[in-house]
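# Inside the fold
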Amino acid sequence: MTEYITVFKDWVISLGEKHEVDPLVLGSLYLISKIGFFIFLAWLLKNLKVKKAILIPLLFASLSFSLPYLYLVIAGRNISIWVYLFIGLMFIYGGFSIWKKITIKPSRLS
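Read on for a plain summary of the structure. Note that the coordinates shown come from a computational prediction; the quantities given were computed from them, not determined experimentally. Residue indices follow the written sequence of each chain, beginning from 1 at its first position. Where local features are concerned, this predicted model is filtered to residues with pLDDT of at least 70; where side-chain atom pairs are given and counted, the filter is 80 or more; whole-chain, interface and lining totals use all residues. Working from all heavy atoms in the structure, the side-chain values ignore hydrogens and water.

Empty space left among the atoms is revealed by rolling a probe the size of a water molecule over them. Definitions used throughout: a 1 Å grid over protein atoms alone; a cavity as a set of points that fits a 1.4 Å probe which cannot get out; a pocket as an open set with protein on both sides within 12 Å along at least five of seven lines; a lining residue as one with an atom within 4 Å of a point. Grid points are joined across faces, edges and corners, and a volume is the space filled by probe spheres set on the points. Estimates place the volume of the largest pocket at around 370 Å³. Considering the residues around the largest pocket, the lining is formed by 17 residues, among which L15, H19, V21, L26 and L72 are closest to the centre. Of all the secondary structure elements, the ones that give two or more residues to the lining of the largest pocket are α1 (2–19), α2 (23–49) and α3 (55–75). Sort the elements by how many residues they give to the lining of the largest pocket and α1 lands first, with six residues. Residues were grouped as follows: Ala, Val, Leu, Ile, Met, Phe, Trp, Tyr, Cys and Pro as nonpolar; Asp, Glu, Lys and Arg as charged; and all remaining residues, including Gly, as polar. Partitioning the lining of the largest pocket into residue classes produces 13 nonpolar, three polar and one charged. In this text, helices come from DSSP runs of H or I with a minimum length of four residues, and strands from runs of E with a minimum of two, each type numbered from the N-terminal end.

As structure tokens, then:
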């Protein structure tokens, strides 16, 4: 089992070197961004409930969601076109699903 972990670690490090991206920075940004995303999304929903402005929490949630992917796009080199397409589709789908979640009216409990 240890040799599989070593092979996987070496593969990830070689990918990072090939694309000039630090895997530790990318992984850290990914974990931190998801925590921040949920915090800002909760703030957004709270503001929606009390009918306050939602622009700032929405911008922070969007920025938090996209941090690791922005790092990959800015710092990465020799990345396949399908990765850029995947990131773009993920942004479109993420924006659409968030829009659906915050605009849906809660059904009445009977």
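This paragraph deals with the nonpolar core. In terms of nonpolar packing, the biggest core is built from 14 residues, with F37 and L72 touching the most fellow members. Considering each element in turn, this core owes the most residues, five residues, to helix α4 (residues 81–103). Residues in contact with L72, not counting those within four places in the same chain, are V21, I79, V83 and I87. To qualify as a nonpolar core, a set must consist of buried Ala, Val, Leu, Ile, Met, Phe, Trp, Tyr and Cys residues joined through side-chain atoms within 4.5 Å. Buried, partly exposed and exposed residues are distinguished by accessible area as a fraction of the type maximum, computed with a 1.4 Å probe on protein chains only: under 20%, between the cut-offs, and over 50%, respectively. Any two residues whose heavy atoms approach within 4.5 Å at even a single point are treated as in contact.

Okay, the packing of α3 against α4 next. Think of each axis as a best-fit line through the C-alpha atoms, taken over the contacting stretch in the case of a helix, with angles from 0 to 180 degrees between the N-to-C directions. It is the contact of α3 with α4, at a shortest axis distance of 11 Å, that shows an interaxial angle of 160 degrees. Classified by the interaxial angle, the pair formed by α3 and α4 is roughly antiparallel. At the point where α3 passes α4, the crossing takes the left-handed sense. On the side of α3, the interface is formed by F65, S66, Y69, L72 and V73, while α4 contributes V83, Y84, I87, M90 and F91. When the residues that make up the contact of α3 with α4 are grouped by side-chain class, the tally is nine nonpolar, one polar and no charged. By the definition adopted for this analysis, an angle is roughly parallel if under 35 degrees, roughly antiparallel if over 145, roughly perpendicular if from 65 to 115, and oblique otherwise. Whether a crossing is left-handed or right-handed is set by the direction in which the near helix is turned from the far one by less than a right angle, anticlockwise for left-handed and clockwise for right-handed.

This paragraph deals with α2. Here α2 is 27 residues long and its end C-alpha atoms lie 39 Å apart, about the 39 Å a rise of 1.5 Å per residue gives. Buried within α2 we find S33, K34, G36, F37, L41, L44 and N47. Looking at the buried side of α2, the elements it contacts are α3 and α4. Looking one or two residues beyond α2, the residue adopting positive phi is K51, at roughly 60 degrees. To estimate how far a helix should extend, the number of its residues minus one is multiplied by 1.5 Å.

Where the residue is not glycine, phi is negative for most of them; where a peptide bond is considered, it is trans in most cases. One non-glycine residue, E20, lies in positive phi territory at about 55 degrees. Looking at the element boundaries, E20 is found in the loop between α1 and α2. Judged by relative accessible area, E20 falls into the exposed class, the value being 51%. A positive phi angle, near 60 degrees, is found at K51, a position not held by glycine.

Next up on the list: the side chain of S64. Within the secondary structure, S64 sits in helix α3. Not counting the four nearest positions on each side in its chain, S64 is found in contact with S33, G36, F37 and F40.

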